Amino acid sequence: MRSVLVVNCCIRREESRTGQLLDSFVSALPEDCEVEELVLMDEQLFPLTGLFFDERQALLETKDFNDPRFLRAHRFADADIIVIAAPFWDLSFPALLKLYIENISVDGITFRAVDNHLEGTCRASDMIFLTTRGGAYAQGSGQEDMEMGSRYLKALSKFFGIARYHLVAADGIDMEGADVDAILYKASEEAAALAEGI
Ligand SMILES: Cc1cc2nc3c(=O)[nH]c(=O)nc-3n(C[C@H](O)[C@H](O)[C@H](O)COP(=O)(O)O)c2cc1C
């Protein structure tokens, strides 16, 4: 079996159009995939600051990676496939997802220092990012340089040592005159096809 870690940051839950893409993707996964879903809205995630930060630094110094606070990082590092679903907010994605990333980016679990450089140590072969965007930011839109969500996650996937990065984006769904159903249908089909071939 292949383990699939789904990181669900669809803040509007059942109302979320990004959630629709996620449903299409998960439903189309091959039978040898075992899905574990982490719903970030239900997680107690804290920013690295104050005592929470100091305690973490102390644990890293002693290389005590068994502390429960590193559980999420271990789950991320051990998954065969990573799926992240989040809407496009403020030119990237919700801060909740950044909090999660801050908590799983652990030297010694998801990456490590070798000689003079950092090397990703995650097991996953693929990272998939599913998103919906109010405006149009896809390649050829003339606005691609404003898109900081997918570009950041693509770099992060490389940083963590995950070889393949895939993006499925439903673009421009809040724009005047947009055929929302058609845009979502096309992106959902794309997500399903990607899952089938993963
Ligand atoms: C807090 C917030 C910030 C947003 N920021 C942007 C933005 O910077 N650019 C954009 O095109 N759309 C923006 N949107 C619109 C969303 O990208 C769009 O409605 C998306 O489909 C929401 O996904 P959901 O249905 O999964 O919640 C924003 C929406 C919200 C609620």
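Right above here is the structure, for reference.
Treat the numbers as computed from the prediction; the structure is a model and nothing was measured.

**Points about the site of the ligand**
Argument step 1. Close to the ligand lie 16 residues; Ser16, Thr18, Phe88, Gly135 and Asp174 are nearest.
Argument step 2. At 2.7 Å, a side-chain N or O of Arg12 approaches an oxygen atom of the ligand.
Argument step 3. Within the backbone of Gly134, one N or O atom sits 3.1 Å away from an oxygen atom of the ligand.
Argument step 4. Its residues placed into classes, the shell around the ligand shows six nonpolar, five polar and five charged.

**Concerning the nonpolar core**
The tendency in soluble globular proteins is for nonpolar side chains to be buried as a group.
Argument step 1. Among the nonpolar cores identified, the biggest contains 34 residues, and Phe76, Ile82, Leu97 and Tyr100 are the most heavily contacted of them.
Argument step 2. Breaking this core down by element, the ones donating at least two residues are β1 (2-8), α2 (50-62), α3 (71-78), β3 (81-85), α4 (95-104), β6 (126-132) and α5 (149-159).
Argument step 3. Per element, the largest residue contribution to this core is four residues, and it comes from α4.
Argument step 4. With sequence-adjacent residues up to four places away left out, Leu97 is seen in contact with Val7, Cys9, Leu40, Ile84 and Ala86.
Argument step 5. Listed in part, the 24 residues of the second largest apolar core include Leu22, Leu29, Ile81 and Ala85.

**Digging into the sheet that holds strand β2 (residues 33-39)**
Argument step 1. The strand order across the open sheet formed by five strands is β2-β1-β3-β6-β7, and the pairing between neighbours is parallel. With partners counted over all chains shown, the strands left at the sheet margins are β2 and β7 (164-170), one partner each. Neighbour to neighbour, the strand axes of the sheet diverge by 15° on average, direction disregarded.
Argument step 2. Relative to β2, β1 runs parallel, the two sharing seven bridges.

**Regarding unusual backbone geometry**
Argument step 1. We note that Arg13 has phi near 45°; this positive angle belongs to a residue other than glycine.
Argument step 2. Looking at where Arg13 falls in the secondary structure, it is placed in the loop between β1 and α1 (17-27).
Argument step 3. For Arg13, a relative accessible area of 38% translates into the label partly exposed.
Argument step 4. You will see that Asp115, though not glycine, has its phi angle at about 50°, which is positive.
Argument step 5. Tracing the backbone shows Asp115 in the loop between β4 (111-114) and β5 (117-120).

**Looking at the state of the cysteines**
Argument step 1. All told, the structure shown has zero disulfides when counted by the stated rule.
Argument step 2. Looking at the unpaired Cys10, the closest cysteine sulfur is the one in Cys9, lying at 7.2 Å.
Argument step 3. The class for Cys10 is buried, based on a relative accessible area of 2%.

**So, the packing of aromatic side chains**
Argument step 1. Applying the stated rule across the entire model yields eight aromatic pairs.
Argument step 2. Geometrically, the ring pair formed by Phe46 and Phe52 is edge-to-face, given 6.0 Å between the ring centres and 70° between the ring planes.
Argument step 3. Using a relative accessible area of 22% as the deciding quantity, one classes Phe52 as partly exposed.
Argument step 4. Centre to centre, the rings of Phe88 and Tyr137 are 4.6 Å apart; their planes meet at 50°, and the pair counts as tilted.

**Notes on the environment of Ala169**
Argument step 1. Tracing the sequence through the fold places Ala169 in strand β7.
Argument step 2. For the pair Ala169 and Thr132, spaced 37 residues apart in sequence, the C-alpha separation works out to 5.4 Å.

**Let's talk about the side chain of Ser105**
Argument step 1. Residue placement: Ser105 occurs in the loop between α4 and β4.
Argument step 2. A polar side-chain atom of Ser105 sits 2.8 Å from the main-chain carbonyl oxygen of Ile101.
Argument step 3. For Ser105, the residues in contact, after removing those within four places along its chain, are Arg56, Thr110, Phe111 and Phe160.

Quick notes on the rules
- Residues numbered from 1 in each chain as written.
- Predicted model: local features only at pLDDT ≥ 70, side-chain atom pairs only at ≥ 80, totals over all residues.
- Heavy atoms only, no water.
- Near = heavy atom within 4 Å.
- Polar contact = N/O pair within 3.5 Å; in protein donor to acceptor, adjacent residues only side chain to side chain.
- Nonpolar A, V, L, I, M, F, W, Y, C, P; charged D, E, K, R; others polar.
- Core = buried A, V, L, I, M, F, W, Y, C linked by side-chain atoms within 4.5 Å.
- Buried < 20%, exposed > 50% of the residue type's maximum accessible area, 1.4 Å probe, protein only.
- Helix = DSSP H or I, 4+ residues; strand = E, 2+ residues; numbered from the N terminus.
- Contact = heavy atoms within 4.5 Å.
- Pairing = 2+ DSSP bridges.
- Axes fitted to C-alpha atoms, helices over the stretch in contact; angles between N-to-C directions.
- Disulfide = S-S within 2.5 Å.
- Phe/Tyr/Trp six-rings, centres within 6.5 Å; stacked < 30°, edge-to-face > 60°.

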